[in-house]
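# Analysis of the macromolecular model
Okay, here's what each chain looks like letter by letter:
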There are 2 protein chains.
Amino acid sequence: MSRNAREEAVLSAVRERRELVNAAIDEDLPPKRPERLYEASRYLLKAGGKRLRPAMLLLTAEALADVEAGDADYRAFPDLTGETVDVMSAAVSIEVIQSFTLIHDDIMDDDDLRRGVPAVHQEYDTETAILAGDTLYSKAFEIMMRTGAPPERGLGAMRTLAETCTHICEGQALDVDFETRDDVVPDEYMEMVELKTAVLYAAAASIPAIVLGADDDTVEALYEYGLRVGQAFQIHDDVLDLTQSSEELGKQRGSDLVENKKTVITLHARDQGVDVAGLLDATDPEDVTDDEIEDAVAELEAVGSIEYARDLAEDLVAEGKDHLDVLPDNEAHRRLEQVADYLIERTY
Amino acid sequence: MSRNAREEAVLSAVRERRELVNAAIDEDLPPKRPERLYEASRYLLKAGGKRLRPAMLLLTAEALADVEAGDADYRAFPDLTGETVDVMSAAVSIEVIQSFTLIHDDIMDDDDLRRGVPAVHQEYDTETAILAGDTLYSKAFEIMMRTGAPPERGLGAMRTLAETCTHICEGQALDVDFETRDDVVPDEYMEMVELKTAVLYAAAASIPAIVLGADDDTVEALYEYGLRVGQAFQIHDDVLDLTQSSEELGKQRGSDLVENKKTVITLHARDQGVDVAGLLDATDPEDVTDDEIEDAVAELEAVGSIEYARDLAEDLVAEGKDHLDVLPDNEAHRRLEQVADYLIERTY
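Rules of the game
What you see as residue numbers is a count from 1 along each chain, following the sequence as written. Written order determines the labels here, with chains lettered from A and ligands numbered from 1. Local features are withheld for residues below a pLDDT of 70 in this predicted model, meaning they are given only at 70 or higher, and side-chain atom pairs are given and counted only at 80 or more; totals for whole chains, interfaces and linings count all residues. To get the side-chain values, all heavy atoms of the structure are used, and hydrogens and water are removed first. Each helix is a run of DSSP H or I of at least 4 residues and each strand a run of E of at least 2, with the numbering of both proceeding from the N terminus. Multiply 1.5 Å by the residue count of a helix minus one, and that product is the helix's expected span. Relative accessibility under 20% of the residue-type maximum defines a buried residue, over 50% an exposed one, and the middle range a partly exposed one, all with a 1.4 Å probe and only protein chains included. Any pair of residues with heavy atoms lying within 4.5 Å of one another is described as a contacting pair. All copies are superposed by least squares; the fitting set is the C-alpha atoms of residues with a pLDDT of at least 70 in both. Only Phe, Tyr and Trp rings are paired, with Trp represented by its six-membered ring, and only when their centres lie within 6.5 Å; those with planes under 30 degrees apart are stacked, over 60 edge-to-face, the remainder tilted. Charge over a ring is defined by NZ of Lys or CZ of Arg lying within 6 Å of the ring centre and within 35 degrees of the ring normal. The rule for a disulfide is simple: a pair of cysteine sulfur atoms within 2.5 Å. For this analysis, a polar contact is any N or O atom pair within 3.5 Å, provided that within protein one partner can donate a hydrogen and the other can accept it, and provided that sequence-adjacent residues contribute only side-chain to side-chain pairs. Like-charged residues are merged into a patch within 9 Å and nonpolar side chains (Val, Leu, Ile, Met, Phe, Trp, Tyr) within 5 Å, provided each residue has over 30% relative accessible area and no salt bridge. Accessibility throughout is a Shrake-Rupley quantity obtained with a 1.4 Å probe, and a residue counts as covered only by protein chains that appear here. Salt bridge criterion: a side-chain nitrogen from Lys or Arg within 4 Å of a carboxyl oxygen from Asp or Glu. A residue counts as positive if it is Lys or Arg and as negative if it is Asp or Glu; His and the chain ends are not included. For this purpose, a charge sits on NZ of Lys, CZ of Arg, CG of Asp or CD of Glu. Accessible area that two parts lose when put together, with a 1.4 Å probe and added across both, is what the buried area reports.

## Section: helix 15 (residues 331–343) of chain B
Residues and elements named next belong to chain B.
- In this model helix 15 runs 18 Å from its N-terminal to its C-terminal C-alpha over 13 residues, within 8% of the 18 Å that 1.5 Å per residue would give.
- Here helix 15 lies mainly inside the structure; 10 of its 13 residues are buried.
- Within the span of helix 15, buried status applies to Ala332, His333, Arg335, Leu336, Gln338, Val339, Ala340, Asp341, Tyr342 and Leu343.
- Those residues of helix 15 that are buried lie in contact with helix 1 (3–28), helix 3 (52–65), helix 8 (186–212), helix 9 (216–243) and helix 14 (305–322).

## With respect to the relation of the copies chain B and chain A
- Note on the copies: chain B fits chain A at an RMSD of 0.0 Å, the axial shift is 0.0 Å, and the rotation between them is 180°. On the angle and the small slide along the axis, the relation comes out as a two-fold axis.
- Mapped onto chain A, 100% of the interface residues of chain B again fall at the interface, so both copies present the same surface.

## A look at the packing of aromatic side chains
- Under the definition given, this model contains 12 aromatic pairs over all chains.
- Between the aromatic rings of B:Tyr43 and B:Tyr124, the centroid separation amounts to 5.8 Å while the plane-to-plane angle is 85°, which identifies the pairing as edge-to-face. Placement of the pair is B:Tyr43 in helix 2 (residues 35–46) and B:Tyr124 in the loop between helix 5 (120–123) and helix 6 (126–144), with a sequence separation of 81 residues.
- B:Tyr124 gets classed as buried once you look at its relative accessible area, which sits at 17%.
- Every member of this aromatic cluster is reached through a ring pair, and the members are A:Phe100, A:Tyr137, A:Phe141, B:Phe100, B:Tyr137 and B:Phe141.
- Stacked on the ring of A:Phe233, the Lys or Arg A:Arg53 has its end atom at 5.9 Å from the ring centre.

## Describing the side chain of B:Thr160
Residue and element names in this part refer to chain B.
- Relative to the helices and strands, Thr160 is located in helix 7 (residues 151–178).
- Accessibility expressed as a relative area gives 13% for Thr160, which makes it buried.
- Each residue touching Thr160, except ones within four places of it in the same chain, is listed here: Ala203, Ser206, Ile207 and Ile210.

## Some remarks on unusual backbone geometry
- Here A:Arg33 and A:Pro34 are connected by a cis peptide whose omega angle stands at -10°.
- Following the sequence through the fold, A:Pro34 ends up in the loop between helix 1 (3–28) and helix 2 (35–46).
- One non-glycine residue, B:Arg51, adopts positive backbone phi at about 65°.

## Remarks on the state of the cysteines
- Taken as a whole and judged by the stated rule, the model has zero disulfides over all chains.
- Among the cysteines around A:Cys165, which has no disulfide bond, A:Cys169 carries the closest sulfur, lying 7.1 Å off.

## Considering the environment of B:Asp183
Residue and element names in this part refer to chain B.
- Position of Asp183 relative to the elements: it lies in the loop between helix 7 and helix 8.
- With 84 residues separating them along the chain, Asp183 and Leu267 place their C-alpha atoms 9.2 Å apart.
- Setting aside its immediate chain neighbours within four residues, Asp183 contacts Glu188 and Arg270.
- A distance of 2.8 Å separates the side chain of Asp183 from the side chain of Arg181, its partner in a polar contact.

## Some points on a negative patch on the surface
- Taken together, A:Asp109, A:Asp110, A:Asp111, A:Asp112, A:Glu179, A:Glu259, A:Asp284, A:Glu286, A:Asp287 and B:Glu127 make up a surface patch of like negative charges.
- In this structure, A:Asp111 sits in the loop between helix 4 (87–109) and strand 3 (113–114).

## Examining the pattern of salt bridges
Residues and elements named next belong to chain A.
- Under the definition given, this model contains 60 salt bridges over all chains.
- Glu8 is the partner of Arg15 in a salt bridge, and the nearest nitrogen-oxygen pair spans 3.2 Å.
- Within this structure, Glu27, Asp28, Arg75, Asp86 and Arg146 form a network of salt bridges that share partners.

## Re the interface of chain B and chain A
- With 36 residues of chain B at the contact, the number on the chain A side is 36 residues.
- Summing the contributions of chain B and of chain A, the shared interface buries around 3,300 Å²; its carbon and sulfur component is 71%.
- Area buried by chain B at its contact with chain A is led by B:Met108, B:Met145 and B:Leu155, which between them contribute 17% of it.
- Summed over the shared surface of chain B and chain A, the number is four salt bridges.
- The shortest N-O distance in the salt bridge between A:Glu170 and B:Lys32 comes to 2.8 Å.
- Summed over the shared surface of chain B and chain A, the result is 16 residue pairs in polar contact (both at pLDDT 80 or more).
- When residues of the side of chain B that touches chain A are traced back to their parent elements, those giving at least two are helix 2, helix 4 (87–109), helix 6 and helix 7 of chain B.
- Sorting elements by how many residues they give to the side of chain B that touches chain A places helix 7 of chain B first, with 15 residues.

## So, helix 7 of chain B
- With 28 residues, helix 7 of chain B should reach 40 Å at 1.5 Å per residue; the first-to-last C-alpha distance of 40 Å fits that figure.
- Along helix 7 of chain B, 21 of the 28 residues are buried, which leaves the element largely enclosed by surrounding structure.

## Topic: the environment of B:Ser89
Residues and elements named next belong to chain B.
- With respect to the helices, strands and loops of the structure, Ser89 is situated in helix 4.
- For Ser89, a relative accessible area of 0% gives the class buried.
- Measuring from C-alpha to C-alpha, the distance between Ser89 and Leu136 comes to 14 Å, with 47 residues separating the pair along the chain.
- Leave out the neighbours within four places in its chain, and Ser89 touches Asp28, Arg75, Ile143, Arg146 and Thr147.
- Of the polar contacts made by the side chain of Ser89, one reaches the side chain of Arg75; its length is 3.4 Å.

What follows is the structure, encoded as structure tokens:
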């Protein structure tokens with residue numbers, strides 16, 4: 001399949017499931033009293049988002065259950081023992097966790113915009129944003145409890161969810177810590193990316209296996225799939241920041257570089273002897289010109305750092321896809337392979 | 001038993017369990033990487049605290065299992081079916097949730113001191129405090145998962161924990177909302193206290209019943225016990241703020257009044273025609289004199305508002321204790337009655 005055809009297949013699969021996920025979010029997290037709290041909690045979820053993680057969760061469930069892709073009732077979904085479970089609840093739960101982390105991260109990183117709208121702490125206030133995130137946090141656990149799976153599996157899903165949240169906090173702490181450190185090594189960066197970003201993909205890919213009653217090896221393989229493609233997703237983000245135009249990015253090209261953010265690219269360049277901190281004079285993305293960015297990127301390209309990151313992301317995706325061997329051969333299985341490819345081919 | 005003897009019995013029961021709870025917190029939430037994150041997460045827990053809620057949880061377990069009070073191994077505790085469970089994990093989980101809510105509340109309320117030490121966002125910074133709270137949040141769920149109870153009970157405990165956290169967020173949102181409202185009615189205040197404060201006592205009293213395998217009626221009765229004595233606890237706090245000296249309180253007497261906080265006392269006084277907002281000129285606790293507070297309290301006393309609050313707290317405690325009828329008649333049962341009395345007799 002050509003790259004364009006593949007991208008279209010992935011986007012159409014995600015789109016089909018997105019509508020259903022959006023409707024399910026409204027069902028599982030309805031507006032209620034106190035009104036302002038629930039408005040603020042729902043604000044970012046209503047502002048959009050690709051729903052990549054819930055789509056991955058639903059596709060994994062479809063592949064495992066070997067049902068016609070896109071044809072199943074996710075609320076009464078066939079598990080592997082002839083019973084039905086509500087996998088949509090699990091998908092919503094993962095998206096609610098994602099939303100909670102974005103709300104709190106935006107406060108911590110002092111980011112004012114998210115998904116084209118003011119961040120929650122800007123639209124409301126910091127107090128409300130903290131509380132909205134805290135509310136989504138427990139709601140995600142409540143919603144994960146509604147799969148109707150036998151207690152042992154339900155508890156397994158809750159365990160993965162809780163550990164995932166702890167990891168995300170640890171990853172965010174490492175990320176903040178790295179800002180003031182000059183001796184970060186690539187392995188540490190990869191660990192940070194695993195904890196902060198990849199574990200939620202791993203949860204999205206493995207929780208449906210837990211809920212449907214798959215064996216431990218299958219659960220573990222799908223967790224590894226999510227982990228590797230999640231890491232690749234973040235590395236590709238780092239590449240895009242340098243290689244896409246500001247227009248396509250919706251923010252200043254090279255802003256990671258201006259803000260002295262550590263990425264595999266800058267760590268590789270540093271190890272090649274490049275004075276990464278000296279590549280740009282500006283310390284604010286607003287003070288940098290496109291020509292300056294162009295020159296800095298040329299220097300990173302010259303020492304092979306961007307190529308290095310691209311190769312690394314490709315290796316991670318290949319490794320991730322290998323783990324999909326535990327799935328039956330069906331359409332959803334192929335979509336999950338394509339999703340992995342898409343994560344490092346997307347242009348935004 | 002005299003009031004003094006009762007207080008001594010309660011304090012000694014809490015004290016005996018506190019040492020074990022403190023050791024268990026260290027076991028279940030050890031320092032680890034990223035170091036600063038876990039230091040900040042453990043900071044408030046290490047700063048002390050009465051451990052009333054975990055003590056209540058352990059006492060409820062002892063009463064239910066009908067074991068010699070204080071003599072049991074809480075990590076291998078007899079359940080109601082001849083197996084053993086780790087009730088200490090559940091006790092630690094509840095205290096960890098309490099700690100998370102205090103850390104985030106202190107950011108939201110801009111309170112600089114807690115338990116005699118700087119609040120976490122003061123000792124570290126706001127970003128770290130948000131993240132420390134988030135870490136404790138998921139850790140509490142992880143720890144609650146370690147009781148070793150059969151999955152159905154484990155999942156039940158997780159459900160109560162998740163719903164409790166949602167309620168606490170809702171209660172905090174109502175409390176913030178009340179600050180700018182003049183039309184709060186007593187029923188709304190009691191609902192806020194139930195959500196913000198009492199549900200965690202209800203969780204502490206009912207979760208051991210879930211974990212030990214008690215029937216639904218017992219679980220529900222113990223939940224009601226916790227709810228009523230938790231409400232009484234908060235109302236007594238409101239009374240203490242007006243009736244104890246600044247020295248005994250460790251903060252300015254009447255600070256709730258200065259800050260125009262709604263309490264059952266001020267709501268009752270307002271309904272008796274008192275201009276509550278006009279009782280004090282100062283709007284900062286530092287600008288008020290003891291004589292001014294004395295006069296304001298005298299006015300509240302004259303219309304019977306403090307007496308009203310005291311009676312209400314007593315009624316709630318009596319109602320709460322009635323629900324303990326589901327427990328066998330033993331020493332731990334009597335301690336739980338005494339704990340309820342103590343919550344509205346304590347002077348700090």
